[in-house]
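# Overview (structure and organization)
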Amino acid sequence: MLGQKLRFGAFIAPFHPVDENPTLAIERDLELIQWMDRLGYEEAWIGEHHSAGYEIIASPEVFIAAAAERTKHIRLGTGVSSLPYHHPFMLADRINQLDHLTRGRVMFGVGPGALSSDAFQMGIPVARQRDMMDEALGVIVRLLRGETVSHQSDWFTLDNARLQMTPFSRPSVEIAVASQVSPTGARAAGRHGLGLLSLGATSDGGFNALASNWAIAEELARENGTAMDRAAWRLVGPMHIAETREKAIADVRFGLEKWLFYFREVANLPIVPDGAVGDPVEEFLKLPLAVVGTPDDAAAKIQALVDQSGGFGAFLFMAHNWAPFEATKRSYELFARYVTPKFQDLNINRDASMDWVRSNKDEFMAQARAAVGARILQHATEKGVDNINPLFTQMMGLDTPKSEAAE
């Protein structure tokens, strides 16, 4: 019996240091998704940010439209659209259009907005962001399913609102809610029966919250007459792998320290703990947050996540640009070649076939030799042994020349 086929992909914020060309940085994001598409990765999620200078994609929908034209198979999601920043009707209509443009390859990830500085610039109280997300999500789910919605809020109005195109995907595009340590995302996912995007799943807090957040989502689902599907649960964490741990560590020294600076000094996200002393790279690598090592190290972390969570549908790399681009591409390739098969049962039948042939090798070899020997004997009988390799004639006792046989 084959097990669940775990999917793999990337969660692309993206993270780009402020000392490089932003146009080329976005181009590399597109190239990475093309590379993933060729390697067989199933998903890529693209973030939305408007301040702090490091996460430089403002519209995941625009980026997805470009990426969809360059790829064939990979599904593309907003990772995530910050619901308080948009009128729900306009955002739902853009996602619905992408659903048609991509022929169903788009996914809709939602959240309250990660950077307080984004909300501040738009005059949105940070304390209201999660309530605003919940309110907007309630109407967006209905709109994307083709319903007509009226809703009066203090920040948006819908009056017999209906998207003018029915959804390409049925009943709608796939929707997932971002979640980290707090239960906000899990509660929203359960209330509407949506997917769950567990960010920071490899951090101490995120890892320990996996099972509890899923339990919260299932409880809310039961209370609201919906259901949670583990196949729609994505876990996110950073990895960089190489042929050896030493090479992987050397690779990430290219950009990890700049990434650490951003999270410690600029962003208000609790991914990197304070208080580390000494070499920041070495101190960070002592934490359980990231895998910087070999394909075996990556496989061990994925298995730990499976065991802790009780099962999920997809693991997404937190794309980080710690390494030079060629080393980053190599990391994704090594994972696809050596880690993915372990969690998708790709080689079960190959292993079984090899073991079966190996265990019956003597019998198969005997049959093969007998078949070859019969043909050699037939030829020797008809034409003699002049043109047969002497090693074969000696093995089979056929050392009489054709001329002698004729006499």
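Overview of the structure. From a predicted model like this one, the values you see are computed outputs, not experimental measurements.

### Remarks on the environment of P183
As for its placement among the helices and strands, P183 is situated in the loop between strand 7 (174-179) and helix 6 (184-192). With a relative accessible area of 36%, P183 lands in the partly exposed category. Placed 162 residues apart in sequence, P183 and D345 show a C-alpha to C-alpha distance of 33 Å. The residues touching P183, leaving out its near neighbours within four places in the chain, are N213 and I216.

### Thoughts on the nonpolar core
In terms of nonpolar packing, the biggest core is built from 74 residues, with F108 and F335 touching the most fellow members. With eight residues, helix 5 (residues 129-144) is the single largest residue contributor to this core. Ignoring anything within four residues of it in the chain, the contact list for F108 reads W45, T78, S81, L83, L91, I95, I140, L144, V173, E174, I175 and A176. Core analysis: the next-biggest nonpolar cluster, separate from the first, contains 30 residues, A178, V236, A242 and F263 among them.

### A closer look at the environment of D93
Residue placement: D93 occurs in helix 3 (residues 88-101). On the basis of relative accessibility, which here comes to 24%, the residue D93 falls in the partly exposed class. Distance from D93 to L143, taken between C-alpha atoms, is 8.4 Å for residues 50 residues apart in sequence.

### Considering unusual backbone geometry
In the segment running from A13 into P14, the intervening peptide bond is cis, with an omega of -10°. Among the structural elements, P14 can be located in the loop between strand 1 (7-12) and helix 1 (22-39). Following G79, the chain continues into V80 via a peptide bond in cis, with omega recorded as 0°. Along the chain, the position of V80 falls in strand 3 (residues 75-82). Positioned with a positive phi, A52 is a non-glycine residue whose angle comes to about 80°.

### A look at the pattern of salt bridges
Enumeration according to the criterion identifies 18 salt bridges in this entry. Note that R94 is salt-bridged to E61, the shortest N-O span being 3.1 Å. Taken together, the residues R94 in helix 3 and E61 in helix 2 (residues 60-70) connect sequence positions 33 residues apart. The class for R94 is partly exposed, based on a relative accessible area of 32%. With a relative accessible area of 8%, E61 lands in the buried category. Through salt bridges with shared partners, a single ionic network connects R7, E43, R75, E174 and R234.

### A word on the side chain of N213
By secondary structure assignment, the location of N213 is in helix 7 (residues 204-223). What makes N213 buried here is its relative accessible area of 4%. Setting aside its immediate chain neighbours within four residues, N213 contacts S179, Q180, V181, S182, P183 and A186.

### Describing the packing of aromatic side chains
Geometrically, a pair of aromatic rings is defined through the distance of the ring centres and the angle of the planes. Evaluated as defined, the whole model comprises 20 aromatic pairs. Where F15 meets W259, the ring centres are 6.0 Å apart and the plane angle is 90°; that geometry is what we call edge-to-face. Pair noted here: F15 is in the loop between strand 1 and helix 1 and W259 is in helix 9 (residues 256-265), with a separation of 244 residues, a long-range link. Between the aromatic rings of Y41 and F317, the centroid separation amounts to 6.1 Å while the plane-to-plane angle is 65°, which identifies the pairing as edge-to-face. Of this pair, Y41 sits in the loop between helix 1 and strand 2 (43-46) while F317 sits in strand 12 (residues 314-319), placing them 276 residues apart in sequence. What makes Y41 buried here is its relative accessible area of 4%.

Thresholds applied
- Residues numbered from 1 in each chain as written.
- Predicted model: local features only at pLDDT ≥ 70, side-chain atom pairs only at ≥ 80, totals over all residues.
- Heavy atoms only, no water.
- Helix = DSSP H or I, 4+ residues; strand = E, 2+ residues; numbered from the N terminus.
- Buried < 20%, exposed > 50% of the residue type's maximum accessible area, 1.4 Å probe, protein only.
- Contact = heavy atoms within 4.5 Å.
- Core = buried A, V, L, I, M, F, W, Y, C linked by side-chain atoms within 4.5 Å.
- Salt bridge = Lys/Arg side-chain N within 4 Å of Asp/Glu carboxyl O.
- Phe/Tyr/Trp six-rings, centres within 6.5 Å; stacked < 30°, edge-to-face > 60°.

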